[in-house]
Amino acid sequence: SQVDFTVVGSGPNGANPHHEMSDRVIEEGDLVVLDFGGLKDAYGSDTTRMVHVGEEPTDEEREVFEIVRQAQQAGYEAVRPGVACQEIDRAARKVIADAGYGEYFIHRTGHGIGLTTHEPPYMIEGETRPLEPGMCFSIEPGIYLPGRFGVRIEDIVTVTEDGGRRLNNTPHELRIVA
């Protein structure tokens, strides 16, 4: 196994989906986006989970987290053979848009994963390729509030004969850490 990338975006840095290293120190009260990818036996992996540092999250932070959690679940529930890749994006994006945060979901819902960590097909509007059993891809919707915080939840999913199966098994809940 080897690490391919690690993204740790705390507080306002979490509002940048592909945040790169800075000298900002994680602070009490921060929401933190933890995105990890690696390779095992030449195959890619990828996951994103959220933690909140210190005291309880605000009502707004909890609300945004729950919207993203529901969007990620909606994307997962849309997975089945024959469905166009864009339908995964549409399912997740609808939850976020209906909650009033559509303009803050600023990237595709997912990407293929296999011998590289990010590869076609992409779960994005306009990608009409149908899902097929055995295809693996991420479902990673997010909401990014500039200068404030971001939330993303990501799993890798494989298409089965009648739906999908998550390959990540860590809990989705927002964890509070000291």
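See the structure printed just above.
All figures in this text were calculated on a predicted structure; none of them were measured in a lab. Sequence positions are assigned chain by chain, starting from 1 and proceeding in written order. Residue-level local features of this predicted model are given only where pLDDT is at least 70; pairs of side-chain atoms are given and counted only at 80 or more, and the full residue set underlies all totals for whole chains, interfaces and linings. Excluding hydrogens and water, the side-chain values take into account all heavy atoms of the structure.

Asker: Just checking my understanding: could you explain the overall build of the protein chain for this structure?
Answerer: Helix numbers and strand numbers start at the N terminus; a helix is a DSSP run of H or I with at least 4 residues, a strand a run of E with at least 2. Across its full length, the protein chain holds 2 helices and 11 strands. Computation of the radius of gyration draws on C-alpha atoms alone. For the globule rule, the value is 2.2 Å times the number of residues to the power 0.38. Taken over the C-alpha trace, the protein chain has a radius of gyration of 16 Å; the compact-globule value for 178 residues is 16 Å, and the two agree within 12%. The cut-offs for exposure are 20% and 50% of the maximum accessible area for each residue type, with area from a 1.4 Å probe on protein chains only; residues under the lower value are buried, those over the upper are exposed, and the others partly exposed. Sorting the 178 residues of the protein chain into buried and exposed places 49% on the buried side. Contacts are assigned to residue pairs that have any heavy atoms within 4.5 Å of one another. Considering only contacts within the protein chain whose residues lie at least 6 apart along the sequence, 64% involve residues at least 24 apart. Methods summary: accessible areas were calculated by the Shrake-Rupley approach with a probe of 1.4 Å, and residue burial reflects only the protein chains presented. On the protein chain, roughly 8,800 Å² of surface is accessible, and the fraction owed to carbon and sulfur atoms is 51%. The distance from the centre of the 16 positive side-chain charges to the centre of the 31 negative ones in the protein chain is 4 Å. For the purpose of counting charges, residues Lys and Arg are taken to be positive, whereas Asp and Glu are taken to be negative. His and the chain ends are not included. By convention, the point assigned to a charge is CZ for Arg, NZ for Lys, CD for Glu and CG for Asp.

Asker: Would you take a moment to explain the environment of Asp155 for this structure?
Answerer: Residue placement: Asp155 occurs in strand S9 (residues 155-159). Setting aside its immediate chain neighbours within four residues, Asp155 contacts Arg49, Gln72, Phe137, Ser138, Ile139, Arg166, Asn168 and His172. By the criterion applied in these results, polar contacts are pairs of N or O atoms within 3.5 Å in which, for protein atoms, one can donate a hydrogen and the other can accept it, and in which residues neighboring in sequence qualify only through two side-chain atoms. At 2.7 Å, the side chain of Asp155 and the side chain of His172 are in polar contact.

Asker: When you look at the packing of aromatic side chains in this model, what are you seeing that I'm missing?
Answerer: We describe a pair of aromatic rings using the distance from one ring centre to the other and the angle between the two ring planes. Only Phe, Tyr and Trp rings take part, Trp by its six-membered ring, and two of them pair if their centres are within 6.5 Å. Stacked means planes under 30 degrees apart, edge-to-face means over 60, and tilted covers everything else. The full count for this structure, using the stated rule, is 1 aromatic pair. As a reminder, the over-ring test applies to NZ of lysine and CZ of arginine, requiring each to be within 6 Å of the ring centre and within 35 degrees of the ring normal. Of note, Arg93 hangs over the ring of Phe105, and the distance from its end group to the ring centre comes to 3.9 Å.

Asker: Explain the nonpolar core here, please?
Answerer: Nonpolar side chains tend to gather and get buried jointly when the protein is soluble and globular. Joining through side-chain atoms within 4.5 Å is the link that ties buried Ala, Val, Leu, Ile, Met, Phe, Trp, Tyr and Cys residues into a set, and such a set is a nonpolar core. Ranked by internal contacts, the top residues of the largest apolar core, which has 18 residues, are Met50, Val64, Ile96, Tyr101, Ile143 and Val151. Those elements that provide at least two residues to this core are strand S2 (31-40), helix H1 (59-77), helix H2 (85-98), strand S7 (142-145) and strand S8 (149-152). Among the elements that take part in this core, H1 stands out by supplying 5 residues, more than any other. Apart from residues lying up to four places away in sequence, Tyr101 is in contact with Glu60, Glu63, Val64, Ile67, Ile96, Ile143 and Leu145. In terms of nonpolar packing, the next biggest core, distinct from the first, is built from 13 residues, Tyr76, Val83, Phe137 and Val157 among them.

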